[in-house]
Amino acid sequence: RFGMVVSAFGSGAAVLLDSRGRLLDAVPADRALTGRPIAQHYAHLTAAEKGNVAVSGVVRSALRGQSVAAVAVPFSTPSGRRVFSTGYETSGSTLASFVDHTIAYRPHAVYLVDGAGNIIAASPRTGVARLQELNPALVRSMEHSSLGAVHGAATPSTFSVTDVPGTAWRIVIEVPNNLLFASVNGWTQTLPWLVFAIVSVFAIALLIVFARLTALSERMARSARTDALTGLANRRALNEHLTRATARARRTGRPVSVLMIDLDGFKQTNDRYGHRAGDRVLRTVADCMREAMRGEDIYGRWGGDEFFVLLPDTDEREAARTAERLRRQAASADLGDIGLPSGVPLSIGVATGTSTTPEDVVQAADLNLYEHKAARKSRAGRNSSQLKLELSR
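Worth saying up front: this structure is predicted, and the values here are computed from it rather than measured.

Rules used throughout
Residues numbered from 1 in each chain as written. Predicted model: local features only at pLDDT ≥ 70, side-chain atom pairs only at ≥ 80, totals over all residues. Heavy atoms only, no water. Helix = DSSP H or I, 4+ residues; strand = E, 2+ residues; numbered from the N terminus. Buried < 20%, exposed > 50% of the residue type's maximum accessible area, 1.4 Å probe, protein only. Contact = heavy atoms within 4.5 Å. Areas by Shrake-Rupley, 256 points an atom, 1.4 Å probe, with all protein chains shown as cover. Core = buried A, V, L, I, M, F, W, Y, C linked by side-chain atoms within 4.5 Å. Pairing = 2+ DSSP bridges. Axes fitted to C-alpha atoms, helices over the stretch in contact; angles between N-to-C directions. Parallel < 35°, antiparallel > 145°, perpendicular 65-115°, else oblique. Left-handed = near helix turned anticlockwise from the far one by under 90°. Salt bridge = Lys/Arg side-chain N within 4 Å of Asp/Glu carboxyl O. Expected span 1.5 Å × (residues − 1). Polar contact = N/O pair within 3.5 Å; in protein donor to acceptor, adjacent residues only side chain to side chain.

(A) Examining the overall build of the chain more closely. When you go through the chain residue by residue, the secondary structure sums to twelve helices and 14 strands. For the chain, the residues scored as buried account for 44% of the 393 residues in total. Taking contacts inside the chain between residues at least 6 apart in sequence as the whole, the part at least 24 apart equals 53%. Accessible surface computed for the chain: about 20700 Å², of which carbon and sulfur atoms make up 53%.

(B) The nonpolar core, seen in detail. With 28 residues, the main nonpolar core has Leu 259, Ile 261, Leu 263, Leu 326 and Val 344 as its most contacted residues. Every element with two or more residues in this core is listed here: strand E11 (256-263), helix H10 (275-292), strand E13 (306-312), helix H11 (316-331) and strand E14 (346-353). Per-element tally for this core: the top contributor is H10, with eight residues.

(C) Region of interest: the pairing of strand E7 (residues 119-123). The element E7 is largely enclosed, with a buried count of five among its five residues. Relative to E7, strand E6 (residues 109-113) runs antiparallel, the two sharing four bridges. Its bridge partner lying in E7, Val 113 is registered against Ile 119.

(D) Structural context of unusual backbone geometry. Of note, the bond from Val 27 into Pro 28 is cis; its omega dihedral lies within 30 degrees of zero at 0°. Along the chain, Pro 28 falls in the loop between strand E2 (23-27) and helix H2 (43-49). The phi torsion at Asp 313 lies on the positive side, around 50°, for a residue other than glycine. With respect to the secondary-structure elements, Asp 313 resides in the loop between E13 and H11. Judged by its relative accessible area of 32%, Asp 313 falls in the partly exposed class.

(E) Layout of the sheet that holds E14. Read across the sheet, four strands follow the order E12-E13-E11-E14 without closing on themselves; strand pairing throughout is antiparallel. With partners counted over all chains shown, the strands left at the sheet margins are strand E12 (298-303) and E14, one partner each. When strand polarity is set aside, the average angle formed by the axes of neighbouring strands in this sheet is 20°. Of the strand pairs in this sheet, E11 and E14 are connected by eight bridges, and their pairing is antiparallel. In the sheet register, Val 258 faces E14, and the bridge partner there is Ala 351. Set on the sheet, helix H8 (residues 235-252) makes contact with E11, E12 and E13; between it and E12 the angle comes to about 130°. Sheet contacts for H11: E11, E13 and E14; angle to E14, the most-contacted strand, approximately 165°.

(F) Layout of the sheet that holds E7. Read from one edge to the other, the open sheet built from five strands follows the order E7-E6-E10-E9-E8, with strand pairing classed as antiparallel. At either end of the open sheet lies a strand with only one pairing partner, and these are E7 and strand E8 (147-149). Geometrically, the sheet is characterised by an average inter-axis angle of 15° between neighbouring strands, direction not taken into account. Note: E6 against strand E10 (residues 170-176), five bridges, orientation antiparallel.

(G) The packing of H10 against H11, seen in detail. For the pair H10 and H11, interaxial distance at closest approach is 9 Å and the crossing angle is 135°. Taken together, the axes of H10 and H11 lie oblique to each other. Remark: the crossing between H10 and H11 carries right-handed chirality. Within the contact between the two elements, H10 uses Cys 288, Met 289, Glu 291 and Ala 292 and H11 uses Arg 325, Leu 326, Gln 329 and Ala 330.

(H) The arrangement of the pattern of salt bridges in detail. Summed over all chains, the structure comprises 15 salt bridges. A salt bridge links Arg 22 to Asp 18; its shortest N-O distance comes to 2.8 Å. Classification of Asp 18 by relative accessible area gives buried; the value is 7%. Note that Lys 267 is salt-bridged to Asp 271, the shortest N-O span being 2.8 Å. Taken together, the positions of Lys 267 and Asp 271, both in helix H9 (residues 266-273) and four residues apart, correspond to about one turn of that helix. Residue Lys 267 shares its accessibility class with Asp 271, and that shared class is exposed. The structure contains a network of salt bridges with shared partners spanning Arg 225, Arg 236 and Glu 240.

(I) Representation of H8 within the structure. With 18 residues, H8 ought to run about 26 Å at 1.5 Å a step, and its terminal C-alpha atoms sit 25 Å apart, in line with that. Immediately beyond the C-terminal end of H8, within one or two residues, lies Gly 253, with a positive phi of roughly 80°.

(J) Fine view of the environment of Glu 49. If you trace the backbone, Glu 49 turns up in helix H2. On the basis of relative accessible area, Glu 49 is assigned to the buried category, the value being 15%. Taking the C-alpha atoms as reference points, Glu 49 and Leu 17, separated by 32 residues in sequence, lie 8.7 Å from one another.

(K) The side chain of Ser 56, seen in detail. Looking at the secondary structure, you find Ser 56 in strand E3 (residues 54-60). Accessibility expressed as a relative area gives 5% for Ser 56, which makes it buried. Here the side chain of Ser 56 touches Ala 70 through a polar contact of 2.8 Å, landing on its backbone nitrogen.

Function cannot be inferred from these measures alone, as they are strictly geometric.
Here you go:
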């Protein structure tokens with residue numbers, strides 16, 4: 001999956017870090033660096049470790065030692081925060097190609113620079129690393145204004161500087177005056193407006209890129225909180241909701257209830273009909289929960305064949321009614337082809353609390369669940385004994 005993401009970004013270099021900034025995976029692969037902390041050496045990786053999408057200036061790649069500009073995106077997983085970072089070479093990269101085609105009219109000079117004045121990309125291309133070395137007169141003029149004449153230039157020219165949103169980057173355009181003011185008539189009078197329009201388009205394009213990065217980060221976050229089989233919330237997400245709900249109950253004095261749900265005979269269905277049948281049962285229970293629960297209820301898969309429901313502002317009586325509604329819904333499911341003609345039998349433990357903790361209310365629901373299962377087994381045993389007695393008579 002990591003390799004697919006790197007390929008989608010059109011980059012030949014990327015790293016995946018854990019919550020301590022240690023390298024988990026890289027493209028190109030480098031086993032010698034695996035497990036080593038590298039985030040501390042890069043400001044953009046350090047920022048991403050703290051939960052922020054970050055863009056670097058020109059830095060040396062940890063893998064190849066080449067000059068690159070990188071994007072770092074944090075995302076959450078069940079094992080903690082991870083950071084995805086991909087870099088683009090400043091020489092011959094996608095960024096260089098983009099800047100090269102920003103303005104087709106060649107006498108114009110376009111520079112994409114980082115906060116330290118390093119050239120990330122330029123058109124026409126140059127082998128000089130810093131704008132100060134290439135055009136000191138332009139740099140001096142930029143220190144006093146973002147728009148105006150380049151004082152001290154060998155050829156009189158006008159410049160414009162625009163910040164790239166979300167980064168420390170700037171795009172600088174320099175236009176020779178003999179071209180900018182060649183005529184007050186004809187198409188050349190629109191040239192300054194064309195320059196500024198292109199700068200605006202470039203800024204919008206970068207905003208779109210970062211919007212897509214943000215969307216990717218959000219999709220990864222949702223994936224880390226969702227059970228892949230049922231599409232319901234997973235245990236991690238349920239624990240987060242439970243912590244907030246019990247804190248609210250303690251603060252307001254209003255009760256919170258939980259249901260701990262176990263599928264009776266699930267192992268036998270799996271053993272007899274296979275795991276596909278078991279998966280179908282789990283998805284069926286998930287659909288039943290969607291039908292039976294209220295809009296404000298929070299529910300999901302706790303793990304294995306266990307499900308969990310969080311009922312905010314709900315007392316024990318209402319929680320019991322909800323549990324019974326879910327039992328009826330599951331019993332009406334049509335699964336006769338996998339040995340469940342009467343639907344999916346459920347054992348449900350109910351617990352309610354006000355001044356409670358997440359651990360205490362879950363433990364109480366577990367105990368109530370075990371009591372229900374024990375009572376069911378006891379009734380089944382008595383029914384079996386009664387049948388044997390009647391047959392013996």
